[in-house]
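# Summary of structural features
Each chain, written out:
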Amino acid sequence: MTTPWSRRGFLTACSGTALALGPGSRVSAAPDAFAALRARWRTLILGEGFSALAEPFRSRLTDLGTTASRYRAAMAPTTGSLWPDLVYADPDPDTGPESVGRSGNMNTSYTRLSTLAQAYCLPGTGLTGDTDLRDALRTGLDHLHDDVYNAGRTWYGNWYSWQIGAPQALLDVCVLLHDALPAARIAAYLAAVDHFVPDSAVGSYRGTSTGANRVDLCRVLALRGVVGASAAKVALARDALSPVFPYVTSGDGLYADGSFVQHTTVPYTGTYGSVLLGGLGLLFALLADSEWEVTDPNRQIVFDAVEHAWAPFLYNGLVMDGVAGRAISRGLSAADPKRIQQDDHVRGHALLGSIVLLGQGASAAENARWRALVKGWMQRDHYSPPLADPALSLPQLARLKGVRDDGSVTAVAEPTGHRLFPCMARATHRRPGWAAALSMADERITYYETGNGENLRGWHTGAGMLYWWGDTFGNGQYSDAFWPTVDPCRLPGTTVSRKALADAAGGEWGAPKPDVTWVGGATDGQRAAVGQHLKGLQSTLVAKRSWFFLDDAVVCLGAGITCADGTAVETTVENRNLGPAGGAPFTADGTAEPAASSWSATLTGARWAHIGGHGGYVFPGGATVRALREARDGSWATINKGGSSTVLNRTYLTMYVDHGTDPANASYAYLLLPGATAARTRARAADADWLSVLANTDSRQGVAVASLGFTGVNFWCGATAGTLTASDPCCVMISEKRDGTAVIAVSDPTRMRTSLTLTWRRAVAAVTSAPATLASAATGASLTLAFGDLTATAGATQRVAVRLG
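Residues numbered from 1 in each chain as written. Predicted model: local features only at pLDDT ≥ 70, side-chain atom pairs only at ≥ 80, totals over all residues. Heavy atoms only, no water.

### As for the overall build of the protein
Within the protein one finds 17 helices and 33 strands. Along the first, second and third principal axes, the C-alpha atoms of the protein reach 85 × 60 × 55 Å. Out of the 805 residues in the protein, the part that is buried amounts to 62%. For the protein, the share of sequence-separated contacts (at least 6 apart) that also reach a separation of at least 24 residues comes to 69%. For the protein, the accessible area works out to roughly 27200 Å², and carbon and sulfur atoms hold 52% of it. With 68 positive and 69 negative side-chain charges, the protein shows a spacing of 3 Å between the two charge centroids. (Helix = DSSP H or I, 4+ residues; strand = E, 2+ residues; numbered from the N terminus. Buried < 20%, exposed > 50% of the residue type's maximum accessible area, 1.4 Å probe, protein only. Contact = heavy atoms within 4.5 Å. Areas by Shrake-Rupley, 256 points an atom, 1.4 Å probe, with all protein chains shown as cover. Lys, Arg positive; Asp, Glu negative; His and termini not counted. Charge placed at Lys NZ, Arg CZ, Asp CG, Glu CD.)

Following this line, the structure appears as structure tokens:
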């Protein structure tokens, strides 16, 4: 018979106290509020409500004990290091790469001590309550304090290690071993924290004290207050959270459109955003019902963002790589071969656990909805089941298992619909059976982020990379060694110059940005027209590119493709990761290419192509397309200086349009049909009436699909396309419905229009609803809409509903 390890048992093993509180218990009722907060934090970081004798916890606890035993055996305190493989002494301290690595070793040393403390406190590790382990922990804490992390030292390398990474781990250990540590030593450790993380670290909301970083700093301050019984520190941490909550209009934080940006220019919902969500969940739970409870009404913005900002980027348990920044390059490690690869599923699972925790502080209705969403994502993650994820912490694992086993929770299906995030140049599109995401760049949002030697070749991820996944297939597309083995100049959906770029080209921390403003789109919530004025990174390449997101397809247009780099320019239609075996069949216009060997071919006049088990591609009017199946070698070290040099091999099926060397006004047009069979792909190619390309030029790009009542046009300047005329640059999407109504969705991606006139040559009887930006409307044989100042709309869609004549 298995018996759940109780919270009382946790605390007895850790510190001898019998006090046990869950997140819903009232801290202020305890005789010692700080002891109660320590007890609660232990529960939050160790987990609760699981059996140490049942899987998956039994194996995880055994592994924890094995890891801790290895760390303890290898510990060898000497000047400059606590472990021989983690030398932190820096002979020439600065903020360069070598010093960053040394400071990271100091941080990792504290993280290992935290691992030892968890093994000491948790049941089933084989080290629970081990006095020798306790003594080793004391030795390690004292050595790191006396040798490197103390009030007399100056930081070097990465500020993060000194202000967030090391103090978080140190304070966790201080909580777990509180009653086993002499008061004088705790005081010394806290003095070190005060030195590196003074109150002034949250004195202003700027620099490294914004967004997720601010939440991390508040966690340090709050725990420093809890360990040191300082009400002022805890209150400071609570109050310093308030600048995180409100929507921002520039820089770091949450935007009203659901965007989340960190490092000023980087879309970061999936990593820094996850840290922010998880950190807030922990702090809300820690301080709930205490005299320091977070009561700022703006915290509701964060609760709203779960479905508004994070859910659109979660699909079948993964979080989309287009909002993961440089984390896409964090695979296998050179320094720690046992480290878990951090792929999109691993990042997604952590986010699911954070949503469950945050739900404990939200309303009952919100908590119920989120648990239903999480259960659905978990059930559909067949590629990487969350409860088998070795990277999940025990508390996260327990929370997710609790959701899975909760019979009162009914999983909800993936929603359908389109979401635009103009403030971070991203879009997501969901249909029954598949989902897609688009990554772009403009004067506010970087091409890509590199830094700390990471993501060295992410150059073109913002050049219109079009990701897509199937409901039951392709969920490992970007998880299975994609980033170290893919050709970085042939990312799916991108148009790029083959000009050679140096690693980290353009600068670190999101510095490189194109000087373009027309990036964005318009949507009715289900379909969309999206466009990107493209300028290549360190290149003369320019292009106008459009995507029209429909019910079963994405229509892709490119025009004005011009370059003078002296190199070839290519548009990658697809670059599908077929895994190590790579046997998916490929057919073009009914002719099959070899499935078991590498090959390349030029498909002249191609009308359609199909990759078995993936989807179809249609080329309206025919196109010359290069296709190849190739096995590619690569290593994580190639794209991340801390990555493993182990050579990996994956097979790719690639299709691209070769625009030639130094093209002038080149163009392309194709349809992506995710999940389509070969027969459906062939039928779509044969149906010449399904799609009308209204324009595909440097001044306007547009399509119409009569059977869907869809018209979409990106006006790069004032022009006419089909039945639409725009006075100025804008994006227009029209959805005509069977009930005789229509929605006209309009946006100003440039954020520069102080007025805009749009004419639709279609009989309209009346305007039934309109935004405040619509100054006037004239109906009749045609519709003329006159918009006022659109500069304050931040590129958001303005929807006008009409009754057709």
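What follows picks up the thread again.
### Some points on the sheet that holds strand S8 (residues 434-439)
The strand order across the open sheet built from four strands is S6-S7-S8-S9, with neighbouring strands paired in antiparallel fashion. Edge positions in the sheet fall to strand S6 (417-421) and strand S9 (465-470), since each of these pairs with one other strand and no more. For this sheet the average axis-to-axis angle between neighbouring strands, irrespective of direction, equals 10°. (Pairing = 2+ DSSP bridges. Axes fitted to C-alpha atoms, helices over the stretch in contact; angles between N-to-C directions.)

### With respect to the pattern of salt bridges
One pass over the structure, following the stated rule, counts 36 salt bridges. Its salt-bridge partner being Arg-138, residue Asp-135 comes within 3.3 Å of it at the nearest N-O pair. You can see Asp-135 and its partner Arg-138 sitting in helix H5 (residues 131-147), three residues apart, about one turn around the helix. Classification of Arg-138 as partly exposed rests on a relative accessible area of 29%. Notably, a salt bridge pairs Arg-326 with Glu-449, separated by 3.1 Å at the nearest N-O pair. One end of the pair, Arg-326, is in the loop between strand S5 (318-319) and helix H12 (344-359); the other, Glu-449, is in the loop between S8 and S9, and 123 residues separate them in sequence. (Salt bridge = Lys/Arg side-chain N within 4 Å of Asp/Glu carboxyl O.)

### As for the sheet that holds strand S2 (residues 260-262)
Spatial strand order, S1-S2-S3: three strands in an open sheet with antiparallel pairing. Each of the sheet's edge strands pairs with one partner strand only, and the pair in question is strand S1 (253-254) and strand S3 (266-267). Sheet topology places S1 next to S2; two bridges connect them, and they run antiparallel. Each residue of the ladder has a partner; that of Leu-254, found in S2, is Phe-260.

### A look at the nonpolar core
Judged by nonpolar contacts, the single largest core of 207 residues is most densely connected at Tyr-110, Leu-113, Tyr-149, Trp-483 and Phe-586. Discounting residues that sit within four places of it in the chain, Tyr-110 has contacts with Leu-141, Leu-144, His-145, Tyr-149, Ala-166, Ala-169 and Leu-170. Membership of the second largest hydrophobic core comes to 25 residues, among which are Leu-724, Val-764, Leu-783 and Val-800. (Core = buried A, V, L, I, M, F, W, Y, C linked by side-chain atoms within 4.5 Å.)

### Digging into the packing of aromatic side chains
In this structure the tally under the stated criterion is 27 aromatic pairs. The ring of Trp-83 is capped by Arg-112, whose NZ or CZ atom sits 5.3 Å from the centre of that ring. Residue placement shows Arg-490 over the ring face of Tyr-656; its charged tip is 4.1 Å from the ring centre. (Phe/Tyr/Trp six-rings, centres within 6.5 Å; stacked < 30°, edge-to-face > 60°. Lys NZ or Arg CZ within 6 Å of the ring centre and 35° of its normal.)

### Some points on the side chain of Thr-495
Within the fold, Thr-495 resides in strand S10 (residues 495-497). At a separation of 3.0 Å, a polar atom in the side chain of Thr-495 contacts the side chain of Arg-545. A distance of 2.7 Å separates the side chain of Thr-495 from the side chain of Thr-571, its partner in a polar contact. Setting aside its immediate chain neighbours within four residues, Thr-495 contacts Ala-463, Leu-534, Leu-541, Arg-545, Ile-561, Val-569, Glu-570, Thr-571 and Tyr-668. (Polar contact = N/O pair within 3.5 Å; in protein donor to acceptor, adjacent residues only side chain to side chain.)

### A few points about the environment of Ala-187
Turning to its location among the elements, Ala-187 is positioned in helix H7 (residues 183-196). As for Ala-187 and Arg-238, which are separated by 51 residues in sequence, their C-alpha atoms are 22 Å apart.

### Quick word on helix H13 (residues 364-380)
With 17 residues, H13 extends 25 Å from end C-alpha to end C-alpha; this agrees with the ideal 24 Å at 1.5 Å per step. All buried positions along H13 are accounted for by Glu-366, Trp-370, Arg-371, Ala-372, Leu-373, Val-374, Lys-375, Gly-376, Trp-377, Met-378 and Arg-380. Elements that come into contact with the buried residues of H13 comprise helix H11 (299-310), strand S4 (314-315), H12 and helix H14 (394-404). (Expected span 1.5 Å × (residues − 1).)

### Structural notes on the packing of helix H6 (residues 159-176) against helix H8 (residues 211-227)
For the pair H6 and H8, the least separation of the axes is 9 Å and the interaxial angle reads 35°. The interaxial crossing formed by H6 with H8 has left-handed handedness. Every residue of H8 that contacts H6 at Trp-159, Tyr-160, Gln-163, Ile-164, Pro-167, Gln-168, Leu-171, Asp-172, Cys-174 and Val-175 is listed here: Asn-213, Asp-216, Leu-217, Arg-219, Val-220, Leu-223, Arg-224 and Val-227. Along the lines of polarity and charge, the residues of the contact of H6 with H8 split into 11 nonpolar, three polar and four charged. (Left-handed = near helix turned anticlockwise from the far one by under 90°. Nonpolar A, V, L, I, M, F, W, Y, C, P; charged D, E, K, R; others polar.)

### Quick word on unusual backbone geometry
Here the bond from Glu-55 into Pro-56 is cis, since omega is 5°, no more than 30 degrees from zero. Even without glycine at this site, Ala-481 takes up a positive phi of about 55°. By the element assignment, Ala-481 lies in the loop between S9 and helix H15 (482-485). For Ala-481, a relative accessible area of 4% translates into the label buried.

Fair warning: the whole summary comes from geometry, so function is off the table for now.
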